[in-house]
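# A look at the structure
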Amino acid sequence: MIGLHRFKYNGYSSQDFDLLCDVSFDEDNGDSESFLNREAVASEVYNGTLRRVHNFKYTDVFAPRISLIKNTFDDFTEDEVRRALSWLTSSATPKFLTAYYDDSEVAAFEILGAPTSIELHKIANNRIVGIVFTFESSAPYAFSAIQTIEKNITSPQTFTITCNSDELGALVYPKVTITHKLNDSLIVQTNKAMDEPNKAEHIPGTVYHYNGVYYWIDDEGTLYEDSTIPSEWKTTSVLIENMTTNSKTAVGGNISQEIVTLDGANRVVSSSLNISRIFGNDFNWQWMSLAPGENTITVTGSCTIKIEWREPRKVGF
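What this report covers is the structure whose coordinates are included nearby. Since this is a predicted model, take the numbers as computed values, not measurements.

Rules and cut-offs
- Residues numbered from 1 in each chain as written.
- Predicted model: local features only at pLDDT ≥ 70, side-chain atom pairs only at ≥ 80, totals over all residues.
- Heavy atoms only, no water.
- Helix = DSSP H or I, 4+ residues; strand = E, 2+ residues; numbered from the N terminus.
- Buried < 20%, exposed > 50% of the residue type's maximum accessible area, 1.4 Å probe, protein only.
- Contact = heavy atoms within 4.5 Å.
- Polar contact = N/O pair within 3.5 Å; in protein donor to acceptor, adjacent residues only side chain to side chain.
- Pairing = 2+ DSSP bridges.
- Axes fitted to C-alpha atoms, helices over the stretch in contact; angles between N-to-C directions.
- Phe/Tyr/Trp six-rings, centres within 6.5 Å; stacked < 30°, edge-to-face > 60°.
- Lys NZ or Arg CZ within 6 Å of the ring centre and 35° of its normal.
- Core = buried A, V, L, I, M, F, W, Y, C linked by side-chain atoms within 4.5 Å.

What follows concerns the environment of Val53. Structurally, Val53 can be placed in strand E5 (residues 51-58). The class for Val53 is partly exposed, based on a relative accessible area of 41%. Between the C-alpha atom of Val53 and that of Val41, which follows or precedes it by twelve residues, the distance is 5.9 Å. Once residues lying within four places of it in the same chain are set aside, the contact partners of Val53 are Ala40, Val41 and Ala42.

This is how it looks when you write it as structure tokens:
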């Protein structure tokens, strides 16, 4: 049973219905469920003398119970029961429940799911004094509120993102929103000459500079080099590198004020252009990732970039 100060779900707060949720109708002593049980994924040899364990998987989903009573400690009326049950059961799709341990606006954690088992707690003479429900999550743990970092990139910029994920053996794939600007050429310093063999390492729409020579690739994929910056050249690409996870995410072919969204969790790339944009070779199909701990990020391009992610929270109850 969770003892919360309040929670928000499906557009409302428990306080909007004058409800308290830091109570329990059950004894809450002794061992309690963490919802983090796991089992081995294994195969056996022919005679059963050895199990080859490949990995471990979670067997449960996070499904805490929450009790609700009126803040006046009175019985529920029929209308009050209807309003509360309508609020809890009207969503047919998973939504986030945001939990708070105090009256601040700092969320303790969030759960993606929906109420499943819902019970009315009664005492003598059919008096309803509480509502108890189970909130079944889509994962074995909770999540943090959305973490956001936004940067205005005018030249190659390096910064640090700290990811406080409790899933230490897994990467977090954030949502990256790139709003492209159209400025003069952005010159990227490189540590080697650009030639046909390593052309694939560079992204179109960017001018590279090495040892006094400028290199660039046109829309047809042709490689050029010159001792001066190409005239009328506009930067059309963005490169995001995470030195910690050794990931490189490149998006090219952008135009002024275009918004490109990289949804790493769902592996979806989209554009704000009214016409359908086919990314094809404009995207290297490598999704930005974050490792638990500090991540060193370098962004090259002419854009505003917003990075949003949620972190697993193994709160247990």
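This paragraph deals with the side chain of Arg6. Here Arg6 shows up in strand E1 (residues 6-9). For Arg6, the side chain forms a polar contact with the main-chain oxygen of Ser104, separated by 3.1 Å. Sequence-distant contacts of Arg6, defined by excluding residues within four places in its chain, comprise Ser13, Ser14, Gln15, Cys21, Thr98, Ala99, Tyr100, Asp102, Asp103, Ser104 and Glu105.

All right, on to the sheet that holds strand E14 (residues 187-189) then. Here four strands make up an open sheet; going across it, the order is E14-E15-E16-E17 and the pairing mixed. One side of each edge strand has no neighbouring strand; the edge strands of this open sheet are E14 and strand E17 (223-226). Averaged over neighbouring strand pairs, the angle between their axes works out to 30 degrees when direction is ignored. Taken together, the three bridges between strand E15 (residues 207-210) and strand E16 (residues 213-217) define a ladder with antiparallel strand orientation. Across the sheet, the residue bridging to Tyr210 is Val213, located in E16.

How two aromatic rings sit relative to each other is set out by the distance from centre to centre and by the angle between their planes. Counting across every chain of the model gives 13 aromatic pairs. Measuring from ring centre to ring centre gives 6.1 Å for Tyr101 and Phe109, while their planes differ by 70 degrees; the resulting arrangement is edge-to-face. With a centroid separation of 5.2 Å and 75 degrees between ring planes, the pair formed by Phe283 and Trp287 is classed as edge-to-face. Here Phe283 matches Trp287 in class, with each residue buried. An aromatic cluster is present here, built from Phe7, Tyr12, Phe17, Trp87 and Phe133 joined pairwise through their rings. One residue, Arg6, lies across the ring of Tyr100, its end atom 3.9 Å from the ring centre. The cationic tip of Arg267 hangs over the ring face of Tyr173; the distance from NZ or CZ to the ring centre is 4.3 Å.

What follows covers the nonpolar core. Core analysis: the biggest nonpolar cluster contains 27 residues, and Leu4, Phe7, Ile66, Leu68, Leu97 and Phe109 have the highest contact counts within it. For this core, the secondary-structure elements that each account for two or more residues are E1, strand E6 (65-70), helix H1 (78-89), strand E7 (95-100), strand E8 (109-123) and strand E9 (127-137). With residues near it in sequence (within four places) discarded, Leu97 still touches Phe7, Lys8, Tyr9, Ile66, Phe109, Glu110, Ile111 and Phe135. Membership of the second largest hydrophobic core comes to 24 residues, among which are Ile178, Ile240, Val260 and Ile307.

Its identity as a non-glycine residue notwithstanding, Asn211 has a phi of 55 degrees, on the positive side. Note that Asn211 resides in the loop between E15 and E16. The exposed category is assigned to Asn211, whose relative accessible area is 68%. Unusually for a residue other than glycine, Asn246 sits at a positive phi of about 55 degrees. You can see Asn246 is positioned in the loop between strand E18 (238-242) and strand E19 (247-251). Under the relative-accessibility criterion, Asn246 is labelled exposed at 70%.

Turning our eyes to something else, we now look at the pairing of E15. In this sheet, E15 lies alongside E14 in parallel orientation, the contact comprising three bridges. For Gln189, the partnering residue across the bridge sits in E15 and is His209. Counting the residues in the hairpin turn of E15 and E16 gives two residues, including Asn211, whose phi is positive at 55 degrees.

Take the sheet that holds strand E20 (residues 259-263) next. The strand order across the open sheet formed by five strands is E11-E23-E13-E20-E21, and the pairing between neighbours is antiparallel. Strand pairing shows two members of the sheet lacking a second neighbour, strand E11 (147-153) and strand E21 (268-271), which therefore form its edges. Adjacent strand axes in the sheet meet at a mean angle of 10 degrees when their direction is disregarded. As paired strands, strand E13 (residues 175-180) and strand E23 (residues 303-309) are joined by six bridges and run antiparallel to one another. Among the inter-strand pairings, His180 is bridged to a residue of E23, identified as Cys303.

This next bit is on the environment of Asn55. Inspection of the secondary structure assignment puts Asn55 in strand E5. With a relative accessible area of 39%, Asn55 lands in the partly exposed category. For the pair Asn55 and Ser231, spaced 176 residues apart in sequence, the C-alpha to C-alpha distance is 56 Å. For Asn55, the contacting residues outside a window of four places in its chain are Glu39, Ala40 and Val41.

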